[in-house]
Every structure is written in structure tokens, then in C-alpha cells.
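Each chain is listed here by its residues.
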Amino acid sequence: MPNDLAPLPTRDTATHATDARLVVRGLAKTVPGGRELFSGLDLAVAGGELVAIVGESGTGKSTLLNILAGLDEADRGVVEVGGTALGPLDETARTTLRRELIGFVFQAFHILPYLTLGQNVALPLALVSPDATRATSEAERLLHAVGLGGRAGDYARDLSGGELQRVAIARALVHRPALILADEPTGNLDPDTAARVLELFASAVREGGAAAVIVTHSPATAAVADRVLTLTATGLNASDD
Ligand SMILES: Nc1ncnc2c1ncn2[C@@H]1O[C@H](COP(=O)(O)OP(=O)(O)OP(=O)(O)O)[C@@H](O)[C@H]1O
């Protein structure tokens, strides 16, 4: 599949020893009340690699995803996406980076109810590419892939929770982001649909060369990942199973 999106920002080779699309170093976060969610967390995710993060409720998985997205701040540490450190960026530059380099499947990143499914899915690509025809056709292709072929003209306000989740997955993939962040991406789907959508998600990540981080409680979702890491107060640990 062609990819004529803008090139990733130039990498500072002096500080990047790997080809990781996502690099996290020494991340620390203490929440009000004094509880430490993580202390000195390190993570590198390569292009085409899918990492699942699991862990008990309240260990900070969603908070970590928000920090990786530049939506929340760590107390210490560095997050680099596509070779660019988020910390020094102002809010405008962070928004631009998020738009160009990150695809989200978050509950909070709502599908817009008064746009059609096609418009919702095309939006991230339309924002970074002048080729509206391509954005429309890519959106239709991805809607078909998530089982919503022929529904591009329907309004998002009329969809079920599981249908909306599939639209969110299509929307996260459409602009071929460097990094895909997903929070329980199949949480509202029946097992068969979840398996199909996960398969699409995993092959889009591998073929498109994105780095993907998925937070999940679902063993079936974790099973498609290349690495499963468990978040505890001491950091991210490789899972035994
Ligand atoms: N800004 C904040 N102020 C106070 N507490 C916070 C803040 N952000 C996160 N927390 C707390 O940090 C903990 C981690 O929350 P988070 O939602 O990241 O956990 P999680 O591992 O994703 O949990 P779950 O699996 O239940 O979704 C929770 O106890 C939450 O209340």
C-alpha cells in the first residue's frame, strides 16, 4: 500500500541507538495522595511491533497511555515518538505531532456523532494530506476491513458501541501513524468480531510499520502481541506466559 504521508521528523542519531518508533526512558509519575504509579519506567517499541500492557486495575496503564500520547505529564523521564521528544514541545507542536504521528483507539477520543462513518474515519488522513479522494477511499477500505463495508454514509450517532469501536480502530489506522495507542480496543466486541478486528489491527501494524501499544485485560487481545508486559509499581516486566 502506498504511503505518501510526510516523512517522520529527522532523528537525532546521537541519542537514538535503535529504530524504535517509541522510546520511553526513566518515566516516573506520582499521583495526588503520594502513590507512585511508576518509577523509572523504560520501554522501546520498534516499527511493526505490537506490545500489550497488562496489569492489575489501578496500576496506571491508562495513565501511561495518556503520558505516551502527550495528554498527561510525567514527573520525570523522556517520551520520544518518531524520534521527537514530547517534553520540550509546546501545546501546539504537541497537537501537531499527535495528529501526524499517533493513532488513537481511546474511549475518550469520541467518534463525532454528526459526521458519517466515512467522514470520521477519513478525518485523520484529511488533516495531514491534501488528497481528499484518497482519504475517502482509504476510509472506505478500512471500514470494509472492520466489517462495516457499505456503511460509510451512515451517521455515527446511529451506531452501537461495538460498531463505534470498529470505526475508532479504522480511524486510528487511516493515516498510517508511526505509533498506535489503544486502550481496550476490543472491549465492546463479541469474541468473533474481536478476533477479526484484532487480526486486522495486528496486520495493519506489521505491514504499516507502526509501533503499537495496547492496554488490555483481555488474554485474547494480549495473545496477538509480540510482547506482553505487566505494569507494576516497579515498572514494566516481561510476562511469563
Ligand atoms: N490525576 C490524578 N489524580 C489522582 N489520582 C489519579 C490521577 N491519575 C490517575 N490517578 C490514579 O492512579 C491510578 C491508576 O489509574 P489508571 O486509570 O491509570 O489505572 P489502570 O491500570 O488503567 O486501571 P484499570 O485497569 O482499572 O483501567 C488510579 O488509582 C487512579 O485513581
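Counting restarts for each chain: residues are numbered from 1 in the order of the written sequence. Residues qualify for local features only when their pLDDT is at least 70, as the model is predicted, and side-chain atom pairs are given and counted only at 80 or more; totals for whole chains, interfaces and linings, by contrast, use all residues.

What follows covers the overall build of the chain. Starting at the N terminus, helices and strands are each numbered in turn, a helix being any DSSP run of H or I of at least four residues and a strand any DSSP run of E of at least two. Of regular secondary structure, the chain possesses seven helices and ten strands. Radius of gyration (C-alpha) of the chain: 17 Å, near the 18 Å computed for a compact globule of 241 residues. C-alpha extents for the chain along the principal axes are approximately 50 × 40 × 30 Å. Labels follow a simple rule on C-beta atoms placed from the backbone: if 20 or more others lie within 10 Å of a residue's own, it is buried; if 12 or fewer, it is exposed; otherwise it is partly exposed. Across the 241 residues that make up the chain, the buried fraction comes to 41%. Once C-beta atoms have been placed from the backbone, residue pairs whose C-beta atoms lie within 7 Å are recorded as contacts. Considering only contacts within the chain whose residues lie at least 6 apart along the sequence, 72% involve residues at least 24 apart. The globule rule used for comparison is 2.2 Å times the number of residues to the exponent 0.38, while the radius of gyration itself is calculated over C-alpha atoms.

Residues in contact with the ligand, as listed here, are Val31, Pro32, Leu37, Gly55, Ser57, Gly58, Thr59, Gly60, Lys61, Ser62 and Thr63. With three residues, helix α1 (residues 61-68) is the largest single contributor of residues to the shell around the ligand. Residue polarity follows a fixed list, in which Ala, Val, Leu, Ile, Met, Phe, Trp, Tyr, Cys and Pro are nonpolar, Asp, Glu, Lys and Arg are charged, and the others, Gly among them, are polar. When grouped by side-chain class, the residues that make up the shell around the ligand number three nonpolar, seven polar and one charged. Each residue gets a C-beta atom placed from its backbone. If that atom is within 6 Å of a molecule or strand, the residue is near it.

The subject of this paragraph is the packing of helix α3 (residues 117-128) against helix α4 (residues 132-145). Only the contacting stretch of a helix is used when fitting its axis, a line to C-alpha atoms as for every element, and angles between N-to-C directions run 0 to 180 degrees. Orientation of α3 relative to α4, taken along the N-to-C sense of each, is 125°, at an axis distance of 8 Å. With respect to α4, the element α3 is oriented oblique. The interaxial crossing formed by α3 with α4 has right-handed handedness. Residues Leu117, Gly118, Val121, Ala122, Leu125 and Ala126 of α3 lie in contact with α4, whose contacting residues are Ala132, Ala135, Thr136, Glu138, Ala139, Glu140, Leu142 and Leu143. Oblique is the label for every angle not falling under 35 degrees (roughly parallel), over 145 degrees (roughly antiparallel), or within 65 to 115 degrees (roughly perpendicular). The sense of a crossing depends on the near helix, which, turned anticlockwise from the far helix by less than a right angle, makes the crossing left-handed and, turned clockwise, makes it right-handed.

Right, let's get into the sheet that holds strand β4 (residues 76-81). Strands are treated as partners if at least two bridges between them are detected by DSSP. In spatial order, the strands read β2-β1-β4-β5; together these four strands make up an open sheet with antiparallel pairing. Each having just a single partner strand, β2 (35-46) and β5 (84-85) make up the two edges of the open sheet. Sheet topology places strand β1 (residues 20-31) next to β2; nine bridges connect them, and they run antiparallel. Bridge pairing in β2 links Val31 to Arg35. Strands β1, β2 and β4 of the sheet are contacted by α1, whose axis makes an angle of about 125° with β1.

The quantities given are spatial measurements derived from coordinates; they are silent on function.
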